[in-house]
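# Per-entry structural report
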Amino acid sequence: MLDADVLEQMQYDVKYLASDRLEGREAGTPGEKLAADYIAAKFGNSGLMPYGDSTTYLQAFTFQAEPVLGPDQFLQIGRSTLKLDEAYAVLPFSATGSARGKLMKAGYGIQAPDLDMDNYKDLDPKGKIVALSISSPDGVHPHSKYLAYHDLKARAEKAAELGAIAVVFYNDDPTAEEPAFDMSPKVKSCTIPVVFMIGDARSELLLENNPVVLRTDIQRTERTAFNVVGMLDNGKDNVVVIGAHFDHLGYGDEGSLHRGDPEIHNGADDNASGVAVLLQLTRDLLEMDEARQNDYLFIAFTGEEKGLYGSNYWTKHPTVPIADLNYMINLDMVGRLDSTGAIGINGVGTSPAWNAVDHILVGDLKVKTTTSGIGPSDHTSFYLQDVPAIHFFTGTHADYHKPSDDEEKINYDGMLRVTRYIESLILELGDEGKLPFTKTEEVNTENTPRFKVTLGVVPDYLYDGKGMRIDGITEGKPAANADLKVGDIVVKLGDVEVPDMMGYMKALSAFEKGATAPIVVLRDGKEFSTSVTF
Ligand SMILES: [Zn+2]
């Protein structure tokens, strides 16, 4: 194709994908489906074979949507009907349900046999609505003796286990922070309704035996998202995967840096640009006789922004055997090449063959590499399956994850140069057969200010059961040193139960560097206890 035609075609693709009509392409929304259908049609035009579900281009899967408060909320204590968000809040881990019964105060709701402490001593919470203080006998701070019992969800579960039908938390400790009310798919539901009394109405309402009626309604729904998968089949044994995510942040999903009223996040650079380059590669590789040493599997991933959902799903449900994969090239944000021509190539430590990136002159790019196979994009999912994988990236900018990441700011000439560079790289690697895979030194993936320590694992964000499932382990880090394995599910860390992803992060935040803690994992369905040193 002539360069001028390529530029025009790429602009056409970015303009459509980043148009308001697609409403920011959030996974599980109609805008995402429009984008998936568009890409599938383009795959068809290029003559790719459908490699999704049952001979279509689409590979569907479901995930937990952001939970939302439903309309059916009610709380009456004694003769007072309380107003949601003013007098009380439904906690994010509350079940959807209803309860009618008498109130029973049970202190902090802590049963700590190791500390000789039992708030339920001489109480029978069966059939009762239990009122609990969110504090603890020695307050809420990291050095509390009762740290392992602070978690409110665990206290609500304990109350439920003892027969309580609902829990009303209140705060009578001026030093204790209010619990978080934000809904998140990372928080799993407990078995009974749980609310929190805002302010200090508790003293007149939360009286022993006061009658209570409550209903809580949290809508936890599943949504369907679609990867788009097509094969350029040259009848060869090795399959090269070329991937780019096409989803983005909708009107401002988790991860948006926009503050204020919801606005469409068009995601022109992130990642309509990568998809446009991928679509160009579908056309070019078909015409390049010299590139027939491999089959080429093109995957437009969904749900990357929510935590690599689409690439995670494909690598767990591959439509080509993982063993046949040669290497993977990921395009994520390649639309902002600046005047210096600098491009980041991440993951070059995943195979010695990636040394080739240093001496390719086509495209006149200034290559800056990093070695780690683990990064915040879809190549990570392939690295975790021992596939050499790299990520092309023209760099971050002020519009990153904001509504202003728009089409006018895209550098199409830069995208063309990246396209030509990748084609040259593919040709250069063509005669090498299957690339050898190497594990890389990792950077800290849980590297946020909240954590002083790391376990050195990649969590499986798509995992939906109890605990935190390990998808990848970093050599030389605490989890590896403790002989934890990929597939292990962390259910307890220190003294703290890990009910879900959020619970894992909470448990981790309690440790200092150098500390040793017991850890319990589920391995092949059986509990396995060991200890981990941070
Ligand atoms: Zn992206």
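What counts and how
- Counting of residues starts from 1 at the beginning of each chain's written sequence and follows it residue by residue.
- The model is predicted, so local features are restricted to residues of pLDDT at least 70 and side-chain atom pairs to those at 80 or more, both for listing and for counting; the totals for chains, interfaces and linings are taken over all residues.
- Under the definition applied here, buried Ala, Val, Leu, Ile, Met, Phe, Trp, Tyr and Cys residues are grouped into a nonpolar core through C-beta atoms within 7 Å.
- Here exposure depends only on C-beta density: within 10 Å of a residue's C-beta, 20 or more other C-beta atoms make it buried, 12 or fewer make it exposed, and intermediate numbers make it partly exposed, the C-beta atoms being placed from the backbone.
- Note on conventions: DSSP H or I runs of at least 4 residues are helices, E runs of at least 2 residues are strands, and numbering of each starts at the N terminus.
- Once C-beta atoms have been placed from the backbone, residue pairs whose C-beta atoms lie within 7 Å are recorded as contacts.
- Pairing between strands is defined by DSSP: at least two bridges between them are needed.
- Think of each axis as a best-fit line through the C-alpha atoms, taken over the contacting stretch in the case of a helix, with angles from 0 to 180 degrees between the N-to-C directions.
- Should an angle fall under 35 degrees it is called roughly parallel, over 145 degrees roughly antiparallel, and 65 to 115 degrees roughly perpendicular, with every other angle called oblique.
- Handedness of a crossing is defined here by the sense of rotation of the near helix relative to the far one, left-handed for an anticlockwise turn of less than a right angle and right-handed for a clockwise turn.
- When residues are sorted by character, Ala, Val, Leu, Ile, Met, Phe, Trp, Tyr, Cys and Pro go into the nonpolar class, Asp, Glu, Lys and Arg into the charged class, and all the rest, Gly among them, into the polar class.
- Source of the domain bounds: an automatic or database domain assignment.
- Looking at any residue, its pLDDT shows the predictor's confidence there, from 0 to 100.

What follows is about the nonpolar core. Grouped together as the largest cluster of nonpolar side chains are 104 residues, with contacts concentrated most on V275, L278 and V490. Residue contributions to this core peak at nine residues, all from helix 5 (residues 268–287). When sequence neighbours within four positions are dropped, the list of residues in contact with V490 reads G467, M468, I470, V498, Y504, I519 and V521. Residues L103, I129, A156 and V212 belong to the second largest nonpolar core, which totals 41 residues.

Our next topic: the pairing of strand 13 (residues 211–216). Only one face of strand 13 is covered, namely the one carrying V212, L214 and T216; the face carrying P211, V213 and R215 has none of its residues buried. Inspection of the sheet shows strand 4 (residues 74–77) paired to strand 13 by four bridges, in the antiparallel sense. Bridging across to strand 13, L75 finds its partner in L214.

One can describe the packing of helix 1 (residues 3–17) onto helix 5 by two numbers: an axis separation of 9 Å at closest approach and a directional angle of 135°. With respect to each other, helix 1 and helix 5 are oriented oblique. When you trace helix 1 past helix 5, the crossing you get is right-handed. Residues V6, Q9, M10, D13, V14 and L17 of helix 1 touch helix 5, and the partners they reach there are A268, A272, S273, V275, A276, L279 and Q280. Residue composition of the contact of helix 1 with helix 5, by class: nine nonpolar, three polar and one charged.

By convention, interface size is frequently given as the accessible area that disappears when the constituent parts associate. We note that the domain assignment places domain 1 (3–62 + 222–432), domain 2 (68–219) and domain 3 (457–533) within the chain. The centre of domain 1, based on its C-alpha atoms, is set 31 Å off from the matching centre of domain 3. Listed per partner, the contact involves eight residues of domain 1 and six residues of domain 3. When residues in the side of domain 1 that touches domain 3 are grouped by element, the largest group, three residues, is from helix 6 (residues 309–316). By residue class, the composition of the side of domain 1 that touches domain 3 is five nonpolar, three polar and no charged.

Residue-level pLDDT values for the chain average 93, and 98% of them are 70 or greater. Across residues 444–449, confidence stays below pLDDT 50; counting only partners more than four residues off in sequence or on other chains, it has six contacts.

It is worth spelling out the pairing of strand 15 (residues 222–232) at this point. Strand direction decides the pairing type here: strand 1 (residues 49–50) and strand 15, joined by two bridges, are antiparallel. Residue P50 lies in a different strand from strand 15, and its bridge partner there is G230. The sheet contact formed by strand 2 (residues 58–64) and strand 15 spans seven bridges and is antiparallel. Its bridge partner lying in strand 15, L58 is registered against V228. Pairing analysis gives five bridges linking strand 15 to strand 17 (residues 295–301), with the strands arranged antiparallel. Counterpart to L232 in the pairing with strand 17 is Y296.

As a further point, take the environment of D386. Secondary-structure assignment places D386 in the loop between helix 7 (379–383) and strand 21 (389–393). Taking the number of C-beta atoms within 10 Å as the measure of exposure, D386 has 15 and is therefore partly exposed. As for D386 and G373, which are separated by 13 residues in sequence, their C-alpha atoms are 9.5 Å apart.

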